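Below, each chain spelled out in residue letters.
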Amino acid sequence: MEDGTWTEQLTLQGIATTGDAFGFSIALDGKRLLVGAPWDDFLSSPATGNVSPDQGSVFFYEIGSGASVFLGSFDLNHDGLLSPDEWRSIYPTPPKKESAFPLIDSDESGMLDEEELRAVQNAKGVLKTSGIWLDRAEAFVELDTDQDGRVSRAEIEPMWAPGTSSKGIDATWKRLKGGEGIDFPSWIRANSLPPLVAYEKAKALRAERRTLYRMLDSSDESGLVERDEFALFFRSGTRFQVIDAAWRVATGTPKDQPLPGTISLTDFIEAPKLPKSPWK
Ligand SMILES: [Ca+2]
Ligand SMILES: [Ca+2]
Ligand SMILES: [Ca+2]
Ligand SMILES: [Ca+2]
């Protein structure tokens with residue numbers, strides 16, 4: 001199996017929980033992985049919370065393809081390899097002496113292939129600049145969700161923590177001269193992208209919240225978290241005013257508005273503030 005980060009791309013149906021036999025069958029094809037959960041339950045009606053049990057699902061995962069997009073973008077003669085000249089052309093200002101190339105060219109072929117590029121990810125020391133390029137490439141592939149070859153203003157938002165005000169994001173976007181979207185070469189060469197460390201943290205938090213949402217919903221598997229499931233955040237006996245106040249914050253409900261009965265997965269993931277998880 002190839003090294004890299006496996007990201008869930010698409011669930012063809014349902015949400016796997018205990019008893020769904022997630023991983024009952026798997027199929028691996030190069031960069032793609034299919035995982036079967038033959039007894040997954042399927043939410044047949046989100047409105048009523050009706051669940052059709054044991055309908056089965058297939059989960060679809062794909063390995064990050066930052067290195068291949070990187071290679072494709074800077075491989076000017078389309079031979080599937082990066083020559084020293086093509087490599088130098090990536091730098092906004094090529095350095096007098098380029099020392100990274102021979103280090104990345106681990107088979108000493110005089111050319112860089114995709115595997116050699118992939119090995120540079122998260123590199124430090126002499127390969128720091130190249131490491132950042134490849135990390136940026138990976139982030140680009142993840143963020144360009146409509147795959148039009150540009151990261152748009154909306155697509156860059158996941159680089160910040162949930163609940164970040166759009167003002168700060170707008171300022172960064174302006175500084176990056178983002179306009180209608182940032183194409184791949186500009187993304188790699190950009191002076192000041194938001195820090196990838198913060199992006200990784202924001203990504204981890206969102207993934208954690210996604211799992212938490214499923215856990216909260218596991219009492220009735222309605223596909224939605226209701227107010228009483230949200231109460232699982234709190235010790236039994238907690239005053240309902242305390243829970244309601246947290247519910248108001250989580251659902252982003254203004255003071256003069258009545259509280260909603262449910263919170264959607266997206267709103268939950270992007271909530272400015274959630275109570276501390278009771279399972280941590
Ligand atoms: Ca080439
Ligand atoms: Ca090589
Ligand atoms: Ca895009
Ligand atoms: Ca529920």
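Up top you'll find the structure we're talking about.
Per chain, the residues get numbers from 1 upward, laid out in the order the sequence is written. Chains carry letters from A onward and ligands carry numbers from 1 onward, assigned in written order. It should be noted that, the model being predicted, local features are given only for residues of pLDDT at least 70 and side-chain atom pairs only at 80 or more, the latter also being counted only at that level, while totals for whole chains, interfaces and linings use all residues. The basis for the side-chain values is all heavy atoms of the structure; hydrogens and waters are excluded.

## Quick word on the overall build of the protein
Numbering goes from the N terminus for both helices and strands, where a helix is a DSSP run of H or I of at least four residues and a strand is a run of E of at least two. The number of helices and strands found in the protein is twelve helices and ten strands. Expressed as a percentage of its 280 residues, the buried residues of the protein come to 38%. Sequence-distant contacts, at least 24 apart, represent 54% of the contacts inside the protein between residues at least 6 apart. Of the accessible surface of the protein, which amounts to about 16,100 Å², a share of 55% is contributed by carbon and sulfur atoms. Whether a residue is buried, partly exposed or exposed follows from its accessible area with a 1.4 Å probe, protein chains only, as a fraction of its type maximum: under 20%, in between, or over 50%, in that order. Residue contacts are counted whenever heavy atoms from the two residues lie within 4.5 Å of one another. Surface accessibility follows the Shrake-Rupley procedure with a 1.4 Å probe radius. Residue values consider only the protein chains on display as shielding.

## Section: the nonpolar core
Taken as a class, soluble globular proteins show a tendency for nonpolar side chains to be buried jointly. Judged by nonpolar contacts, the single largest core of 35 residues is most densely connected at Phe 70, Leu 82, Trp 87, Leu 117, Ile 156, Trp 187 and Ile 188. At the level of elements, helix 1 (66-74), helix 3 (100-104), helix 5 (128-143), helix 7 (166-175) and helix 8 (184-189) are the ones that each hand at least two residues to this core. Top element by residues in this core is helix 5. It accounts for six residues. Excluding its chain neighbours within four sequence positions, the residues that come into contact with Phe 70 are Leu 82, Trp 87, Ile 90, Leu 117, Trp 133, Leu 134, Ala 137, Phe 184 and Ile 188. Counting residues in each nonpolar core, the second largest holds 16 residues, with Val 225, Ala 231, Ile 243 and Trp 247 among its members. Each nonpolar core is a collection of buried residues, namely Ala, Val, Leu, Ile, Met, Phe, Trp, Tyr and Cys, held together in the definition by side-chain atoms within 4.5 Å.

## Here we look at the coordination of the calcium ion (ligand 1)
Only Asp 75 (OD), Asn 77 (OD1), Asp 79 (OD), Leu 81 (O), Glu 86 (OE) and Glu 86 (OE) from the protein reach the calcium ion (ligand 1) as donors, at distances of 2.2 to 2.6 Å. Each of the six donor atoms bound to the calcium ion (ligand 1) contributes to angles spanning 53 to 156°, and the resulting shape is irregular. Counting along the primary sequence, the residues that act as donors to the calcium ion (ligand 1) give the motif D-x1-N-x1-D-x1-L-x4-E. Donor atoms (N, O, S) are those found within 2.8 Å of the metal centre, with the cutoff raised to 3.2 Å for Na, K and Ca; water is not part of the atom list, so apparent gaps in a site can occur. Square planar and octahedral sites, with four and six donors, are those where opposite donors lie more than 155 degrees apart and all other angles lie between 65 and 115, tetrahedral sites have four donors with every angle between 85 and 135 degrees, and the rest are irregular.

## Comments concerning the pattern of salt bridges
Salt bridges are identified by distance alone: a Lys or Arg side-chain nitrogen within 4 Å of an Asp or Glu carboxyl oxygen. All told, the structure shown has seven salt bridges when counted by the stated rule. Between Lys 203 and Glu 142 there is a salt bridge, and its shortest N-O distance comes to 2.9 Å. Note that Lys 203 is positioned in helix 9 (residues 196-216) and Glu 142 in helix 5, a separation of 61 residues in sequence. Across the pair Glu 270 and Arg 206 runs a salt bridge whose closest N-O atoms are separated by 2.8 Å. Highlighted residues: Glu 270 in the segment after helix 12 (265-269) and Arg 206 in helix 9, separated in sequence by 64 residues. What makes Arg 206 buried here is its relative accessible area of 14%. Each member of the salt-bridge network shares a partner with another, and the members are Glu 142, Glu 200 and Lys 203.

## Topic: helix 9
For a helix, the expected span equals 1.5 Å multiplied by the number of residues minus one. For helix 9, which comprises 21 residues, the first-to-last C-alpha distance of 30 Å matches the rise-based estimate of 30 Å (1.5 Å per residue) to within 8%. In this structure, the buried residues of helix 9 make contact with helix 5, strand 9 (225-226), helix 10 (227-230), strand 10 (262-263) and helix 12.

## Quick look at helix 5
Compared with the 22 Å implied by 1.5 Å per residue over 16 residues, the 22 Å span of helix 5 between its first and last C-alpha is a close match. Along helix 5, the residues that are buried comprise Ser 130, Gly 131, Trp 133, Leu 134, Asp 135, Arg 136, Ala 137, Glu 138, Ala 139, Phe 140 and Leu 143.

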